[in-house]
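Here are the chains, one letter per residue:
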Amino acid sequence: MTDDAAASTGVAVLDAALDGLFWGDNVVWETEQQAVVEPFYAALADQRAAYDLALYVSLDRPPEAVGAAYPGFEILDARPGRPLGRAAALLQAIYERCDRAERSLLLFDPLDAMAGRWGTDTARAFFVRCCPHLLEVGAIAYWSVGHGAALAPLRREISEVTQCVFALGEGRMRIAKAEARGPGVEGSVFRSSIEDGRPALQAAPAAARLGTALRAVRTQRHLSQSDLARLLGISPSAVSQAERGRRGLSLETLLDACAKLDLTLDELLRGDVNPGYRLARRHDPRRRSDGRPLALIDDSRAGLRAYLVTLAPRGQATPHLTHKGVELVAVVSGLVQVLLDSGRPVLRRGETLLAERTAVLGWRNLGDGDATLFWILRDD
């Protein structure tokens, strides 16, 4: 498997929208009823053969029920009174197993159960520690959380930490967050149904997309439907019907909404405010590039380009392109000699080199372990 190979959700339409899952993605499903997300769990579980390790983390589900639903999965029994029934013990067990495996897949019981047992603060702390670790080792994990008011602080923390958030309900699925994807992915809405026990998704019509996006913006601004109706000079019923996709809003009303909410029309239709940054994530954190510059951001329109280079012990590599302009080399690990027209400086971990009037011809790893560096180009 190459570094650029994505993992599959098991749902072709969702894979096409996301360009697959990045290794390390934690996907959180926001749903009123756990039963509606089970087919998506099952679709991912169908990809079991692509993984070295498949874990199901059970907070209250009997192991025999888990085994019947997800054959081939190791079950971490974290029910009350079991050795893994405490947060610290469960977290350590997850770390130990995932750190040893190159490809890990994890399915979790709802975070609602975790919050109900340990309290919201402990559930939040567990997620905040577990999610980044799974990202670091390149594991794929599915989590779920309910919509209840008591879980609102937990959902807010989750949305800040996790890589993907999918909102599921009323026969629709919305991609609320999907880090490192292209424009237009976040805010995408699909009609969702179940066929032969597996999810079937179809792109939703414009009215449904607008309604879901409008509701997302309204809740982000902590506005009730009545608040939004007063702001726009329309009835609460019109807002309710628009959010349910039963009717649209006139162009004049949409433009008025954008002006009063300080959004562009594109931001309103996405249901999200442009954060002002672009995240470049590599597909597989455990694969070496073996000297080949791995493109993170390679968009000349941005004015900056960034590549990741990993060198084997005593290995050497050369750039894949000739660049005219300022170049920066930043060493993340190892001892790296930078080959320039005008010299051969050696950089340690945490050191950088700025080449303003000379070209970078290559890099040499002088150490006995892997070396990692960033090669950043400023285009004229």
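Notes on the structure in this doc start here. (Residues numbered from 1 in each chain as written. Predicted model: local features only at pLDDT ≥ 70, side-chain atom pairs only at ≥ 80, totals over all residues. Heavy atoms only, no water.)

### Focus on the side chain of Ser 104
Within the secondary structure, Ser 104 is located in strand β4 (residues 104-108). A relative accessible area of 2% places Ser 104 in the buried class. Apart from residues lying up to four places away in sequence, Ser 104 is in contact with Tyr 51, Leu 53, Cys 98, Ala 139 and Ile 140. (Helix = DSSP H or I, 4+ residues; strand = E, 2+ residues; numbered from the N terminus. Buried < 20%, exposed > 50% of the residue type's maximum accessible area, 1.4 Å probe, protein only. Contact = heavy atoms within 4.5 Å.)

### Looking at the pattern of salt bridges
For the structure on display, the rule yields 14 salt bridges. Its salt-bridge partner being Arg 61, residue Glu 38 comes within 3.2 Å of it at the nearest N-O pair. On the criterion of sequence distance, the pair formed by Glu 38 in helix α2 (residues 34-45) and Arg 61 in the loop between β2 (53-58) and α3 (63-69) is long-range, its members being 23 residues apart. One salt bridge connects Arg 305 with Asp 298, and the closest N-O pair in it is separated by 3.5 Å. The exposure class of Asp 298 is partly exposed, given its relative accessible area of 44%. The network of salt bridges with common partners includes Asp 77, Arg 79 and Arg 82. (Salt bridge = Lys/Arg side-chain N within 4 Å of Asp/Glu carboxyl O.)

### Points about the pairing of strand β13 (residues 325-333)
Where β13 lies against strand β18 (residues 371-379), eight bridges are found, and the strand directions are antiparallel. Considered in β18, the bridge of Gly 325 is made with Asp 379. (Pairing = 2+ DSSP bridges.)

### What to know about unusual backbone geometry
Within the chain, Asp 19 stands out as a residue other than glycine whose phi angle is a positive 60°. Position of Asp 19 relative to the elements: it lies in the loop between α1 (12-18) and β1 (26-31). The residue His 222 is not glycine, and still its phi comes out positive at about 60°. Position of His 222 relative to the elements: it lies in the loop between α8 (206-220) and α9 (225-232).

### Here's the deal with the packing of helix α6 (residues 120-137) against helix α7 (residues 152-161)
Viewed as axis vectors pointing N to C, α6 and α7 meet at an angle of 10°, and their least axial separation amounts to 10 Å. When the interaxial angle is binned, α6 and α7 end up roughly parallel. Counting all contacts with α6, which are made through Thr 120, Ala 123, Arg 124, Phe 127, Val 128, Cys 131 and Pro 132, the residues of α7 involved are Leu 154, Glu 157, Ile 158 and Val 161. Grouping the amino acids of the contact of α6 with α7 by side-chain chemistry returns eight nonpolar, one polar and two charged. (Axes fitted to C-alpha atoms, helices over the stretch in contact; angles between N-to-C directions. Parallel < 35°, antiparallel > 145°, perpendicular 65-115°, else oblique. Nonpolar A, V, L, I, M, F, W, Y, C, P; charged D, E, K, R; others polar.)

### Some thoughts on a nonpolar patch on the surface
On the surface, Leu 251, Leu 255 and Leu 265 cluster together into a nonpolar patch covering about 260 Å² of accessible area. Here Leu 251 lies in helix α11 (residues 251-261). Its relative accessible area of 52% is what places Leu 251 among the exposed residues. (Patch = residues over 30% accessible without salt bridge, like charges linked within 9 Å, V, L, I, M, F, W, Y side chains within 5 Å. Areas by Shrake-Rupley, 256 points an atom, 1.4 Å probe, with all protein chains shown as cover.)

### Description of the sheet that holds strand β7 (residues 172-178)
Across the sheet, nine strands lie side by side as β3-β2-β4-β5-β1-β6-β7-β8-β9; this open sheet has mixed pairing. A strand with exactly one partner marks an edge of an open sheet, and here the two such strands are β3 (74-77) and β9 (198-203). Direction aside, the axes of adjacent strands within the sheet are offset by 25° on average. Two strands pair when backbone bridges link them, and strand β8 (residues 189-195) and β9 are joined in this way by six bridges, in the antiparallel orientation. If you follow Ser 192 over to β9, its bridge partner there is Leu 201. Of the strands in this sheet, β1, β4, β5 (140-145), β6 (164-169), β7, β8 and β9 are in contact with α2, which crosses β5 at around 175°. The strands that helix α4 (residues 87-100) touches are β2, β3 and β4; relative to β2, the one it contacts most, it runs at about 170°.

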